[in-house]
Amino acid sequence: MDTPRFDTLRLDGVSRSFGEQNALQGLDLTINRGEFVALLGPSGCGKSTALNCIAGLLPLTGGSIWLDDQRIDGLPPERRGFGMVFQNYALFPHMTISANVGFGLQMRKVGKAEVARRVADALRMVQLEDQAAKYPGQLSGGQQQRVAIARAIVLEPPLVVMDEPLSNLDAKLRLEMRMEIRRLHQALGLTTLYVTHDQEEALSLADRLVVLRHGLVQQIGSPEELYTEPVNQYVANFMGYRNMLTLDVEAGGAGTPAGGTVRLTGSGVHLTGCVREALGGGPAVAAIRPDDISVGGAPENGIDVLVEVVEYHGRELAVQGRRPDGGTIHFRTDRPLKPGEPVTLTVSTDRVLVFSGSTAAVPEPVGVAA
Amino acid sequence: MTATVTAPTGASPARRDHQRPALRHRLAERGIDRTLVLLVPGVLFIVLLFVYPFLYGLQLSFQPQSGGGFLANYKAFFADPYQRNTIWLTLRLGLPAAVLNVVVSVPIAYAMRGAFRGKRTLTTLLVLPITLGTVLTADGLLNYLGPNGWFNRVLTGLHIVDQPVTLIHNYTGVFLSLIITGFPFAFLLTSSYLSGIDPSLDRAAATLGAPALQRFSKITLPLLMPGLAVTFCLSFVLAFSVFPSAQLVGNPSGSTHVISIAAYHAAFDQFDYSMGSAVAMIMAVVMLVIIGLVLAGRSRLYVGSTSGGKG
């Protein structure tokens, strides 16, 4: 079945449970044609489940999937016609590269001459035209991943789903392939759903991000929205708000609605921040990104620290400072700081995001550059 | 003073080491190191229990008891149609039995490759006959399929047949016995080969539009074929050396006068060990020819990795 071009792919309350365990709960998402959407979350958050449900490799236990006004969640994968790129590439080891790329076309009974032409085009697209006669085992990891991408895009599918395609590559190759995927998306305008646990990858690739936790959507938004305005501690933690301070709300601050300003205190620190999540009576968490902290400057939101660890990152230094009460603060600076040096850090009020609760509720930090 | 005397003599071996690495390092470069000592018991075992008896039998077969040149046993075997025919009779049993065992094991193993409730119980049931041994299987067949066994009583009781069908003491009996004892073996081997094939390949083929039958014939089967060739060889060797069931549920002096019975007769009924060895050697050659042909065919297949990439 050749799926015609579509305008929207709509997930309506898509759920999947394994026995008692809900891997995915009521995912509502509409993907527009040409859009690049990333599902983001740590392992076990339900992102791969969502992907497999959409590709048809896993039946749903609730909800429905619509391609415009055609319901497709009952179709087997071979009749959905979505291209899929697997984490382990899943190239057919007994077929040449061109046979791998041509496999889907062959299944669609496309004529020999056209298969050859389209395979050649796809391989040129991923810059592997000279490897066509080789077998997957003779190619490097990055080349194999490119073949897997070519194999998925040669069908010009209405949707390409990618399951952590870069996680098996080394850091340098990962950056290259990331560019490559973005370039292919721009060149071909393919609607793409991309699953990853790497926030940097998701931010740099996607037009829209979906952050999942325990099978529940936490936030859907543009990279900029998620980066600057995470809706809760979990998303903030995922988006690189490395400094999470559990503090007490100063008198009169309890009950401040989202959007308001509040003063927090505790552990020898006084901070004024923006409330992102309506505060209850209990403690609050101030989330600050290392890049938003500056050394010296205006006296607002001053934190005194002793420089403890300094990492050289080229233009900048990544520094860990220790507060008088023993807690740590991570920040970045271009000043040549030395361990043992006392400094006063400042951060502007609108870059201190305040969430209700304490850091105990935040999941363990996620390994990003695995 | 002593230091100045010993210094040159101490330096000369050092210089030699520098020119040529130590013997231990040179051996290690060729993959020879002390862990090879672990091979000794195994090699000794094989030499004592296989290589020596084999070579002994080989030379014995060239020393005919009745004289007449060193090939006399072989000439006698091939001159006598009753003897000669044992090769054909054994192949006629062994080849179809091995083929059937392998062919039947593929769909069953394929259907059982995923996880499902009761998988372990089903596997146990399928593999159980391997624990019974040929004699017990033969005994069961005699009781179950004999003229007064359940099977025939049901058939005659339902008036499907008038006379009991003869299923034992002939080719059919031995063939059934070979299937019962050989299938579990083929099934276990096929299952393990199948489980070595990356399941994401099947999923990838599905997303590329291949329906189940195409996925099997284009992806799974080509990757499984080398394993099936080996499974066939082992199944064939088992079936070709059939002896107890040919004796117990077959017609050992007629349609199931297989080659191992011929060897047994020569050695232990006629006490012609030399002739017995010659028949055993002929048996070995026939098996090697079949295995050689199958493995030659296998080498023309794709025999590389069955994974889809890095994982």
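Shown above is the structure to which this text applies.
Notes on the structure in this doc start here. (Residues numbered from 1 in each chain as written. Chains lettered and ligands numbered in written order. Predicted model: local features only at pLDDT ≥ 70, side-chain atom pairs only at ≥ 80, totals over all residues. Heavy atoms only, no water.)

## Some words on the packing of aromatic side chains
Residue and element names in this part refer to chain B.
- Applying the stated criterion across every chain, the model contains 18 aromatic pairs over all chains.
- Ring geometry for tyrosine 144 versus phenylalanine 151: centroids 6.0 Å apart, planes at 50°, classification tilted.
- Accessibility expressed as a relative area gives 40% for tyrosine 144, which makes it partly exposed.
- With relative accessibility at 32%, the residue phenylalanine 151 sits in the partly exposed group. (Phe/Tyr/Trp six-rings, centres within 6.5 Å; stacked < 30°, edge-to-face > 60°. Buried < 20%, exposed > 50% of the residue type's maximum accessible area, 1.4 Å probe, protein only.)

## Remarks on the pairing of strand S9 (residues 208–213) of chain A
All names here are of chain A.
- Burial analysis of S9 places 5 of its 6 residues in the buried class, the great majority of the element.
- The sheet contact formed by S9 and strand S10 (residues 216–221) spans 5 bridges and is antiparallel. Across the sheet, the residue bridging to valine 211 is glutamine 219, located in S10.
- Taken together, S9 and the strand that follows it, S10, pair antiparallel across an intervening segment of 2 residues, in which histidine 214 is found at a positive phi of about 50°. (Helix = DSSP H or I, 4+ residues; strand = E, 2+ residues; numbered from the N terminus. Pairing = 2+ DSSP bridges.)

## Things to note about the interface of chain A and chain B
- The interface of chain A with chain B comprises 25 residues on the first partner and 27 residues on the second.
- In total, about 2,200 Å² of surface goes out of reach between chain A and chain B, with carbon and sulfur atoms giving 65% of it.
- Joining chain A to chain B, the criterion identifies 1 salt bridge.
- The residue glutamate 78 of chain A makes a salt bridge to arginine 215 of chain B at a minimum N-O spacing of 3.3 Å.
- There are 8 residue pairs in polar contact (both at pLDDT 80 or more) connecting chain A and chain B.
- The class makeup of the residues in the side of chain A that touches chain B is 14 nonpolar, 7 polar and 4 charged. (Contact = heavy atoms within 4.5 Å. Buried area = accessible area lost by both parts, 1.4 Å probe. Salt bridge = Lys/Arg side-chain N within 4 Å of Asp/Glu carboxyl O. Polar contact = N/O pair within 3.5 Å; in protein donor to acceptor, adjacent residues only side chain to side chain. Nonpolar A, V, L, I, M, F, W, Y, C, P; charged D, E, K, R; others polar.)

## Brief notes about the pattern of salt bridges
All names here are of chain A.
- Summed over all chains, the structure comprises 21 salt bridges over all chains.
- One salt bridge in this structure joins aspartate 121 and arginine 124, with 3.2 Å as the shortest N-O distance. Taken together, the residues span about one helical turn, with aspartate 121 and arginine 124 both in helix H4 (residues 112–125) at a distance of 3 residues.
- A salt bridge links glutamate 316 to arginine 332; the nearest nitrogen and oxygen atoms lie 2.8 Å apart. Note that glutamate 316 is positioned in strand S17 (residues 316–322) and arginine 332 in strand S18 (residues 328–333), a separation of 16 residues in sequence.
- Arginine 332 sits in the partly exposed class, given a relative accessible area of 25%.
- Here the salt bridges share partners, and the residues they tie into one network are Glu114, Arg117, Arg118, Asp121 and Arg124.

## Observations regarding empty space enclosed by the protein
Residue and element names in this part refer to chain A.
- Scanning the entire structure with this criterion turns up 1 cavity of 30 Å³ or more.
- Approximately 70 Å³ is the volume found for the largest cavity.
- In this structure, the largest cavity is lined by Phe36, Ile149, Ile153, Val160, Met162, Ile181, Leu184, His185, Leu190 and Thr192.
- Of all the elements in the fold, those that place two or more residues in the lining of the largest cavity are helix H5 (141–153), strand S7 (160–163) and helix H6 (171–188).
- A per-class count over the lining of the largest cavity returns 8 nonpolar, 2 polar and no charged. (1 Å grid on protein atoms, 1.4 Å probe; cavity = no way out; pocket = protein on both sides within 12 Å on 5 of 7 lines; lining within 4 Å. Points joined across faces, edges and corners; volume = space filled by probe spheres on them.)

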